Amino acid sequence: SACLMGAFVFLPAQMQAAIDSRLESQIESYIKGLRSRGAIRSNERTAWVVIDFTSGKKLVSINENTSLQAASMIKPYLALAFFHQVQAGKIIYGSTSRRHMEQMIQKSNNESTNWVMRQTGGPSVTQALLKRYYPSLCQQISLVEYIPSNGRTYRNRGSAADYARFLDALWKGQLPQSKEILRVMALPGVDRLYHKAKRIPEGTRVYNKTGSTAMCCGDMGILVARGRNGRTYPYMLIGIIESGSRSTSYSSWISHRADVIREVSNLTYLDMKQRYRL
């Protein structure tokens, strides 16, 4: 389906392999290897999307339309709904809302997240707004709950394809206050796309949002690789690992899955390096 406002056109899944499959098969064999060793369990599903903004090509599409736990990856959508209402003159973006916006995206603060969501009318009203005005970005988005006080947000859902369409429209400046959303997504923090991904050069610009629960480890973001010619080569990477059951040891589960996403990020950067003189 073509993205709202004439952004990237996404081809049906069966046509993906024809676009480019070198990186996709590298990622698939890496995940297969982890499964065969039991490092990713049989009740865990993964989804991956890579798009190269320079060529406009989608390089990887693995389970991209699968509905998975959104965890905190729903938060950029809450920013979009908020800025939609700002643009419509319904609410004001001032110092208080800026602080909550930064806390929500940079620190993944759940109280600030719920504050932002309350400004746009709560989960169901916010979902209705997003579906009405940004239908192509919300095909599998299901926003049904505030973040519970224990932080265990398991019911909001989304897909890698939705996040890809969101990031595409965001990067192309097609969303309200795209620049401000990107600014907040670039604030320093521990991510799974660049931080501790050893193949990616220091100082690479990253715009991202992680998501973590005892059942979901993900990251969605844009990395801006620098070429030896001084030009920039931006690309997006989305990686999600969802378990069918809650992990009994949260910190070890999440850190191992985060490392899997980092390794896919390494593979993606190396693939970009083969395409361009990075």
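So, how was this worked out
Residues numbered from 1 in each chain as written. Predicted model: local features only at pLDDT ≥ 70, side-chain atom pairs only at ≥ 80, totals over all residues. Heavy atoms only, no water. Buried < 20%, exposed > 50% of the residue type's maximum accessible area, 1.4 Å probe, protein only. Helix = DSSP H or I, 4+ residues; strand = E, 2+ residues; numbered from the N terminus. Pairing = 2+ DSSP bridges. Salt bridge = Lys/Arg side-chain N within 4 Å of Asp/Glu carboxyl O. Axes fitted to C-alpha atoms, helices over the stretch in contact; angles between N-to-C directions. Contact = heavy atoms within 4.5 Å.

Caption draft 1: View of the pairing of strand E2 (residues 57-62). Counted residue by residue, E2 has five buried out of six residues, so it is predominantly covered. The pairing of strand E1 (residues 44-52) with E2 spans five bridges and is antiparallel. Across the sheet, the residue bridging to Ile51 is Lys58, located in E2. Taken together, E1 and the strand that follows it, E2, pair antiparallel across an intervening segment of four residues, in which Gly56 is found at a positive phi of about 75°.

Caption draft 2: Representation of unusual backbone geometry in the model. With a phi close to 55°, Ser108 is a non-glycine residue in the positive phi region. In this fold, Ser108 is placed in the loop between helix H4 (95-106) and helix H5 (110-119). The phi angle at Lys196 is positive, at roughly 70°, despite the residue not being glycine. You can see Lys196 is positioned in the loop between helix H8 (178-185) and strand E5 (205-212).

Caption draft 3: Fine view of the pattern of salt bridges. Taken as a whole, this structure holds 13 salt bridges when the rule is applied. In this structure, Asp271 engages Arg22 in a salt bridge whose closest nitrogen and oxygen atoms are separated by 2.9 Å. Of this pair, Asp271 sits in helix H9 (residues 250-275) while Arg22 sits in helix H2 (residues 22-36), placing them 249 residues apart in sequence. Take Arg22: its relative accessible area is 37%, and that puts it in the partly exposed class. The shortest N-O distance in the salt bridge between Glu180 and Arg183 comes to 2.9 Å. Here the residue Glu180 and the residue Arg183 both occupy positions in helix H8, the gap between them amounting to three residues, near one helical turn. Residue class for Glu180 comes out buried when judged on its relative accessible area of 14%. Overall, the relative accessible area of 33% leaves Arg183 in the partly exposed class. The structure contains a network of salt bridges with shared partners spanning Arg22, Asp271 and Arg275.

Caption draft 4: Examining the sheet that holds E2 more closely. The sheet built from five strands is open, its strands ordered E2-E1-E7-E6-E5 with antiparallel pairing. Single-partner strands in this sheet number two, and they are E2 and E5. Taken pair by pair, the neighbouring strands of this sheet meet at an average axis angle of 5°, ignoring direction. The sheet contact formed by E1 and strand E7 (residues 232-243) spans nine bridges and is antiparallel. Residue pairing for E7: Ile51 is matched across the bridge by Met236. Packed onto the sheet, H9 meets E1, E2, E5, strand E6 (216-226) and E7 and runs at close to 150° relative to E7.

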